[in-house]
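Remarks on the overall topology
Okay, here's what each chain looks like letter by letter:
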Amino acid sequence: RASAAPAEARPGSSVAPGWPPLPGVDLAAASARLGGDRGRYGALLRGLCESLRELVDAGAPRGEPPALVSSDLMRCAARAHELRGSAGLLGVVAIERASGALEDACRAGAADRVEAARRALLDATGVFLDGADHAPGWSLGPRTDVGGVGLEGATPLGTASPVGSMSPPAAT
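Residues numbered from 1 in each chain as written. Predicted model: local features only at pLDDT ≥ 70, side-chain atom pairs only at ≥ 80, totals over all residues. Heavy atoms only, no water.

**Some words on helix 5 (residues 111-133)**
Taking 1.5 Å of rise per residue, 23 residues should cover 33 Å, and helix 5 covers 32 Å from first to last C-alpha, within 8% of that figure. Among the residues of helix 5, those classed as buried are Val114, Ala117, Arg118, Leu121, Ala124, Thr125, Phe128, Leu129, Asp130, Gly131, Ala132 and Asp133. Residues of helix 5 that are buried sit in contact with helix 2 (38-57), helix 3 (73-90) and helix 4 (93-108). (Helix = DSSP H or I, 4+ residues; strand = E, 2+ residues; numbered from the N terminus. Expected span 1.5 Å × (residues − 1). Buried < 20%, exposed > 50% of the residue type's maximum accessible area, 1.4 Å probe, protein only. Contact = heavy atoms within 4.5 Å.)

In structure tokens:
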């Protein structure tokens, strides 16, 4: 995979004092929203990354059809709304916008727009995850072990977040 451009060169990117850059993320706004708590931010961002990886893999827990590929537009809109809110909180600009477009298309019942918005969200997700997987100082790549406890540390959206059980990303 090609390496991601530095955060300063990516649209929607900004830096927060003391935080490593993260491509495509408005870290200044996210830091302000979370009171500068980098450990909490890292835990929440790892959860978002895990949810986005599930989307890309089109895998769903318990064998359910993934909500974003479901023909049930209200279910799809609800899932897109979750992603939009989480991405917005965390400053992941492209995912917030693409999720919003999908949510709006689903709620409008516009089948042609829904499929285009799904593809746009998958594209934005791929670009974001590529940058996140290679971002120094964040440890956001795919994980099979988090602190010796398996995947419990990377909590997908819609489940309780173990924020207190996560260690903050390593400082660089």
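So, next bit.
**Examining the environment of leucine 89**
With respect to the helices and strands, the residue leucine 89 is situated in helix 3. The spacing of leucine 89 and alanine 29 is 60 residues in sequence and 8.5 Å in space, taken between C-alpha atoms.

**Let's talk about the pattern of salt bridges**
Under the definition given, this model contains seven salt bridges. With a shortest N-O distance of 3.0 Å, arginine 79 and glutamate 82 are connected by a salt bridge. Here arginine 79 and its partner glutamate 82 are both found in helix 3, three residues apart, which amounts to about one turn of the helix. On the accessibility criterion, glutamate 82 (33% relative accessible area) is partly exposed. (Salt bridge = Lys/Arg side-chain N within 4 Å of Asp/Glu carboxyl O.)

**Section: the state of the cysteines**
Inspection of the entire model under this criterion finds zero disulfides. Cysteine 106 carries a free sulfur, and the closest cysteine sulfur to it, the one in cysteine 76, is 3.3 Å from it. According to the relative accessible area criterion, cysteine 106 is buried, its value standing at 1%. (Disulfide = S-S within 2.5 Å.)

**Describing helix 2**
Given a rise of 1.5 Å per residue, 20 residues ought to cover 28 Å, and the 28 Å separating the end C-alpha atoms of helix 2 matches this to within 8%. When you tally the buried positions in helix 2, you get 15 out of 20 residues, the bulk of the element.

**A few points about the confidence of the model for the protein**
For the protein, the average pLDDT comes to 73, and 65% of its residues sit at 70 or higher. By mean pLDDT, the top-scoring element of the protein is helix 4 (95), and the lowest-scoring one is helix 2 (87). Contacts from residues 59-65, a stretch scored under 50 in pLDDT, to residues over four places away or in other chains number seven contacts. Contacts for the low-pLDDT stretch residues 144-172, under 50 throughout, to residues beyond four places or in other chains number 47 contacts. (pLDDT = per-residue confidence, 0-100.)

**Considerations on the packing of aromatic side chains**
Per the counting criterion, the structure on display carries three aromatic pairs. Measuring from centroid to centroid gives 5.2 Å for tryptophan 19 and tyrosine 41, while their planes differ by 40 degrees, and the two rings are tilted. On the criterion of sequence distance, the pair formed by tryptophan 19 in the segment before helix 1 (27-33) and tyrosine 41 in helix 2 is long-range, its members being 22 residues apart. You'll find tryptophan 19 and tyrosine 41 in the same group, each marked buried. On the basis of an interplanar angle of 70 degrees and a centroid distance of 5.9 Å, the ring pair of tryptophan 19 and tryptophan 138 is categorised as edge-to-face. Taken as a pair, tryptophan 19 in the segment before helix 1 and tryptophan 138 in the segment after helix 5 lie far apart in primary sequence, 119 residues in all. Residue class for tryptophan 19 comes out buried when judged on its relative accessible area of 8%. Judged by relative accessible area, tryptophan 138 falls into the buried class, the value being 0%. Ring pairs connect the aromatic residues Trp19, Tyr41 and Trp138, which therefore count as one cluster. Directly above the ring of tryptophan 138 sits arginine 38, whose terminal nitrogen or CZ lies 5.0 Å from the centroid. (Phe/Tyr/Trp six-rings, centres within 6.5 Å; stacked < 30°, edge-to-face > 60°. Lys NZ or Arg CZ within 6 Å of the ring centre and 35° of its normal.)

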